[in-house]
Amino acid sequence: MRLPRAIRLDQSDLQVFSKACESGEWAIPGTFAFTDLEAESADNKLRIAFGSAWLGLESFGFTTLVEVAEIDEADFFRLVEQLARHLVEHYGAPSLPEALLAARGELEDAAGLCTQKLGSLLAIEREMTEAGIAERIRIVEPQRAKDHARIWTIAAEEDAEEEGAEEEGAEDKSPEG
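Residues numbered from 1 in each chain as written. Predicted model: local features only at pLDDT ≥ 70, side-chain atom pairs only at ≥ 80, totals over all residues. Heavy atoms only, no water.

A. Layout of the overall build of the protein chain. Of regular secondary structure, the protein chain possesses five helices and seven strands. Secondary structure elements of the protein chain, listed N to C terminal, follow the sequence β-α-β-α-β-β-β-α-α-β-β-α. Of the contacts formed within the protein chain by residues at least 6 apart in sequence, a portion of 65% connects residues at least 24 apart. Taken as a whole, the protein chain presents about 11,600 Å² of accessible surface, with 49% of it coming from carbon and sulfur. (Helix = DSSP H or I, 4+ residues; strand = E, 2+ residues; numbered from the N terminus. Contact = heavy atoms within 4.5 Å. Areas by Shrake-Rupley, 256 points an atom, 1.4 Å probe, with all protein chains shown as cover.)

B. Representation of the pattern of salt bridges. Using the criterion set out here, one finds nine salt bridges in the structure. Its salt-bridge partner being Glu67, residue Arg5 comes within 3.3 Å of it at the nearest N-O pair. In this pair, Arg5 is assigned in strand S1 (residues 2–7) and Glu67 in strand S5 (residues 65–70), connecting sequence segments 62 residues apart. Here Arg5 falls in the partly exposed class, since its relative accessible area comes to 25%. In this structure, a network of salt bridges that share partners links the residues Glu125, Glu127, Arg136 and Arg138. (Salt bridge = Lys/Arg side-chain N within 4 Å of Asp/Glu carboxyl O. Buried < 20%, exposed > 50% of the residue type's maximum accessible area, 1.4 Å probe, protein only.)

C. Seen up close, the packing of helix H3 (residues 73–91) against helix H4 (residues 96–112). Close contact between H3 and H4 brings their axes to 8 Å; oriented N to C, the two are set at 125 degrees. Between H3 and H4, the interaxial angle falls into the category oblique. Where H3 crosses over H4, the handedness of that crossing is right-handed. For the pair H3 and H4, contact is made by Phe76, Phe77, Leu79, Val80, Glu81, Leu83, Ala84, Arg85, Leu87 and Val88 and by Leu96, Ala99, Leu100, Ala102, Ala103, Arg104, Glu106, Leu107 and Glu108, respectively. Broken down by class, the residue content of the contact of H3 with H4 amounts to 14 nonpolar, no polar and five charged. (Axes fitted to C-alpha atoms, helices over the stretch in contact; angles between N-to-C directions. Parallel < 35°, antiparallel > 145°, perpendicular 65-115°, else oblique. Left-handed = near helix turned anticlockwise from the far one by under 90°. Nonpolar A, V, L, I, M, F, W, Y, C, P; charged D, E, K, R; others polar.)

D. Expanded view of unusual backbone geometry. Positive phi, normally seen in glycine, also occurs at Phe60, with a value near 60 degrees. Summarising the element assignment, Phe60 is placed in the loop between strand S3 (54–56) and strand S4 (62–63).

E. Representation of the sheet that holds strand S7 (residues 132–140) within the structure. Taken in spatial order, the four strands of this open sheet run S1-S5-S6-S7, and their pairing is antiparallel. The open sheet terminates on both sides in strands that have one partner only, identified here as S1 and S7. When strand polarity is set aside, the average angle formed by the axes of neighbouring strands in this sheet is 40 degrees. Running at roughly 110 degrees to strand S6 (residues 121–129), helix H2 (residues 44–52) makes contact with S6 and S7 of the sheet. (Pairing = 2+ DSSP bridges.)

F. Main features of the pairing of S6. Pairing of S5 with S6 involves three bridges; the strand directions are antiparallel. Bridge pairing in S6 links Leu65 to Ala123. Looking at chain direction, S6 and S7 are connected through nine bridges and run antiparallel. When the sheet's bridge partners are listed, Leu121 is paired in S7 with Val140.

Listed below in structure tokens is the structure:
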């Protein structure tokens with residue numbers, strides 16, 4: 001199974017968000033964290049988090065980018081339970097069993113976003129619309145990735161080793177050797 005994992009390419013998340021998650025934390029879009037947001041009264045850091053942040057599942061801090069990574073089943077279900085407890089404690093979920101269902105849905109939705117190859121970088125964009133919160137996930141590609149040409153390739157050294165072995169064999173067969 002694949003799931004988004006926070007990645008920090010620079011230190012900007014530490015400056016931009018009131019609480020940044022650590023690189024390597026599993027993450028989800030976490031849009032539920034913004035359902036009661038009143039844009040007029042929110043501070044700048046919260047507005048930035050609303051517009052562009054994923055929610056880390058260890059610290060419940062924010063990250064700008066995630067990478068597509070593999071997660072094993074045991075860790076997945078540990079995260080479901082951890083998120084469920086967070087939903088009860090911080091969002092007023094009525095019971096742990098109901099929170100477990102919601103948490104599993106959040107993680108399964110996040111896993112469904114990870115259809116790209118492992119290591120792909122993803123960003124999220126959110127905006128408030130008349131219908132509610134709209135979000136888009138996009139793949140982040142290095143700006144100049146297509147400008148670079150391959151300048152070398154790695155070749156096996158089998159030919160060189162075989163030539164060396166043939167030379168040694170020839171020496172051993174000589175009448176003097």
